[in-house]
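Structure at a glance
So the chains spell out like this:
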Amino acid sequence: MKTIFNIALAGVATVAWGCVGYEPMMPDTYEGEGLPPEVDLCEGCLEDQPLRGELMLLVNTKPTDGDANFTANFPLDAEGRYVGNALYLYDPSKPCKDGGCLSKLGNLWLDDEMGPISMSDQSLLRFTVRDLAWHAEKGLWGLSYDPLNDEWGLMTLGVPDWTRADNRIESVRYAFKYGDVKDPATDACYWRQSMTGLEFVGDTLFAASAGKPGNGLDARGALFELDPAFLAEPKHCVLPSDISNDPLYYACDPICSVHAQFEEKVGVSGDMVPGPDGDVLALVRGEMSETFPAGRHELLRVAATGEMPEPRAYGPFIDDIPAGSEIEGLARVQGAIYAVGIGGTVYKISEPTADAPSAWRFEVHDELGPLFTDPDRSLRIRGATAVVVP
């Protein structure tokens, strides 16, 4: 719940400043056009965003503030406005070694649209987007996380010009409605320890969670269907028990409903894509599971309709992915499924055909890390989706 964390932070900040006895350093207000040059972290990216057609959109959540020693967004002023996560377009049909595959699209612009309370409590400093989903008519959406307040949510993302590399991505967040875990008025996504995936399958938007144990709640990963009425007209509400009375934070009603569940300590590792016959293909992994091998990522097939459909094996999997290099993004682009790991390794997943019914392959396709300035500091891919740039 948002206000509990804000009150705790205020108390800690007061004690720290009182003991140390100094005023915090405040940044100069950024007044330039486009994006600050400090957030340009991809030295191998194409200029002016020339990529067109069906592409993979990636979100990078590593710091935009190079002076920070933890995940941090770039400060625009002393009022709590920040440049947030970067979005990149990737064309898997172009060779990266020639520098023609990756282009910057822009960064989240975290300002007044996120609300005055979120600016004043400095929670936008570490605000991130965990995954992306795009629909030709419903637009671009993100799965958001506010680490300061431990709140997951859904957000709308507005790209002013898909042919530019310096977009200020318009960002509006709707945190999932909180409440008692057994209260049906509480959003089904609220008490999940780790929300990981977001994707449109047909006209339906699905979210997903990992099978994370450790919080005393349900450790089964889940697939959630998101309310189409909310997608058509998203709204904020001041919740009765939110003493901050934040008018631009919480969704009015539950957005998520559980569509399917995975076994104990197994869940979606990062993303989903449309599958055969309109099904959902979910890339899953175990979290200290007794039944799912450590380091394995596997595609499971889940019917997109029906009540609590059972996840079924689909075919391809890859073993021995080391911790810290997990696959977080998935997109069906130009007829093929591509997956991307945290450090920028791109995999191509080959599905069976009528001529080769058993030709499953899960193989490395590209490496995006070398395109970035100091990739250990500047690269952490957390989600992907397919988009069409005319």
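Residues numbered from 1 in each chain as written. Predicted model: local features only at pLDDT ≥ 70, side-chain atom pairs only at ≥ 80, totals over all residues. Heavy atoms only, no water.

Overview of the overall build of the chain
We apply this condition: Counting from the N terminus, the helices are DSSP H or I runs at least four residues long and the strands are E runs at least two residues long. Only protein chains enter the accessibility calculation, which uses a 1.4 Å probe. A residue is then buried if its area is under 20% of the maximum for its type, exposed if over 50%, and partly exposed in between. Whether two residues are in contact is decided by their heavy atoms: any pair within 4.5 Å suffices. Only the protein chains shown count as cover for residues, and the accessible areas themselves come from Shrake-Rupley with a 1.4 Å probe. Positive charge is attributed to Lys and Arg, negative charge to Asp and Glu, and no charge count is given to His or to the chain ends. For this purpose, a charge sits on NZ of Lys, CZ of Arg, CG of Asp or CD of Glu.
Helix and strand counts for the chain stand at 4 helices and 23 strands. Overall size of the chain, expressed as C-alpha extent along the three principal axes, is 70 × 50 × 40 Å. Of all 390 residues assigned to the chain, the portion counted as buried reaches 54%. Of all intrachain contacts in the chain linking residues separated by at least 6 positions in sequence, the fraction that spans at least 24 positions is 63%. Of the roughly 16,800 Å² that the chain leaves accessible, carbon and sulfur atoms contribute 52%. Taking the average location of the 30 positive side-chain charges in the chain and that of its 61 negative ones, the two points are 4 Å from each other.

A look at empty space enclosed by the protein
Put simply, the rule reads: The rule is simple: put a 1 Å grid over the protein atoms alone, call a set of points where a 1.4 Å probe fits but cannot get out a cavity, call an open set with protein on both sides within 12 Å along at least five of seven lines a pocket, and count a residue as lining if it has an atom within 4 Å of a point. Grid points are joined across faces, edges and corners, and a volume is the space filled by probe spheres set on the points. Gly falls in the polar group here, along with every residue not listed as nonpolar (Ala, Val, Leu, Ile, Met, Phe, Trp, Tyr, Cys, Pro) or charged (Asp, Glu, Lys, Arg).
Summed over the entire model, instances satisfying the criterion amount to 1 cavity of 30 Å³ or more. Within this model, the largest cavity holds a volume of roughly 30 Å³. For the largest cavity, the full set of lining residues is Val39, Leu41, Asn60, Lys62, Pro63, Thr64, Ala86, Tyr88 and Asn107. Within the lining of the largest cavity, the residues separate by chemical class into 5 nonpolar, 3 polar and 1 charged.

Things to note about a nonpolar patch on the surface
Heads up, the rule is: For patch building, the residue pool is restricted to those with more than 30% relative accessible area and no salt bridge; the joining distance is 9 Å between like charges and 5 Å between nonpolar side chains (Val, Leu, Ile, Met, Phe, Trp, Tyr). Salt-bridge detection follows one rule: a side-chain nitrogen of Lys or Arg within 4 Å of a carboxyl oxygen of Asp or Glu.
Nonpolar side chains collect at one region of the surface, where Val181, Trp191 and Leu217 lie side by side and expose about 250 Å² of accessible area between them. Here Trp191 is to be found in the loop between β8 (167-175) and β9 (195-201).

Quick word on the pairing of strand β1 (residues 53-60)
Look at any regular strand and the pattern is simple: side chains alternate between the two faces of the sheet. Rules: When DSSP finds two or more bridges between a pair of strands, those strands are recorded as paired.
Counting buried positions along β1 gives 6 out of 8 residues, so the element sits mostly inside the fold. Note: β1 against strand β3 (residues 82-90), 5 bridges, orientation antiparallel. Residue pairing across strands places Leu58 opposite Tyr88, the latter belonging to β3.

A few points about the state of the cysteines
Here is the rule we go by: Working definition: a disulfide is two cysteine sulfur atoms within 2.5 Å of each other.
Evaluation of the coordinates by the stated rule reveals 4 disulfides. With a sulfur-sulfur separation of 2.0 Å, Cys96 is cross-linked through a disulfide to Cys101. In this structure the cystine formed by Cys96 and Cys101 twists about its S-S bond by roughly 100 degrees; its chirality is therefore right-handed. Among the residues examined, Cys101 registers a relative accessible area of 0% and is labelled buried.

With respect to the environment of Val159
One can find Val159 in the loop between β7 (151-158) and β8. Put simply, Val159 and Glu47 are 112 residues apart on the chain and 17 Å apart in space, counted from C-alpha to C-alpha.

Quick look at the sheet that holds strand β19 (residues 327-333)
What counts is decided by this rule: Every angle, taken between N-to-C directions, lies between 0 and 180 degrees, and every axis is a line fitted to C-alpha atoms, over only the stretch in contact when it is a helix.
Spatial ordering of the open sheet is given by β19-β20-β21-β22, a layout of 4 strands whose pairing is antiparallel. Only two strands of the sheet have a single partner each, and these edge strands are β19 and β22 (361-367). Each strand axis lies, on average, 25 degrees off the axis of its neighbour in the sheet, ignoring direction. Pairing of strand β20 (residues 336-341) with strand β21 (residues 345-350) involves 4 bridges; the strand directions are antiparallel. Within β21, the residue paired with Ala339 across the bridge is Tyr347.

Structural notes on the packing of aromatic side chains
Note the following rule: Pairing of aromatic rings covers Phe, Tyr and Trp, the last counted by its six-membered ring, and requires centre-to-centre distances within 6.5 Å; plane angles under 30 degrees mean stacked, over 60 mean edge-to-face, and any other angle means tilted. A positively charged side chain is recorded as over a ring if its NZ (Lys) or CZ (Arg) lies within 6 Å of the ring centre. The angle to the ring normal must also be within 35 degrees.
Going through the model one piece at a time under the given rule, you end up with 10 aromatic pairs. Members of the aromatic cluster, joined through ring pairs, are Tyr178, Tyr190, Trp191, Tyr249 and Tyr250. A cation over an aromatic ring shows up here: Arg296 above the ring of Phe317, its NZ or CZ 3.9 Å from the ring centre.

Side note on the confidence of the model for the chain
The criterion, for reference: pLDDT measures how confident the predictor is about each residue, on a scale from 0 to 100.
Residues with a pLDDT of 70 or more make up 93% of the chain, whose mean pLDDT is 90. Every residue in residues 4-24 is under pLDDT 50, and counting partners more than four places away or in other chains gives 11 contacts.

Describing the side chain of Thr186
The criterion, for reference: Any pair of N or O atoms that falls within 3.5 Å is considered a polar contact. Within protein, one atom must be able to donate a hydrogen and the other to accept it, and sequence-neighbouring residues count only if both atoms are side-chain atoms.
Examined against the element boundaries, Thr186 turns out to sit in the loop between β8 and β9. You can call Thr186 buried: its relative accessible area is 8%. Within the local environment of Thr186, its side chain forms a polar contact with the backbone oxygen of Asp180, the two atoms lying 2.8 Å apart. Once residues within four sequence positions are removed from consideration, Thr186 is found in contact with Lys177, Tyr178, Gly179, Asp180, Trp191 and Pro254.

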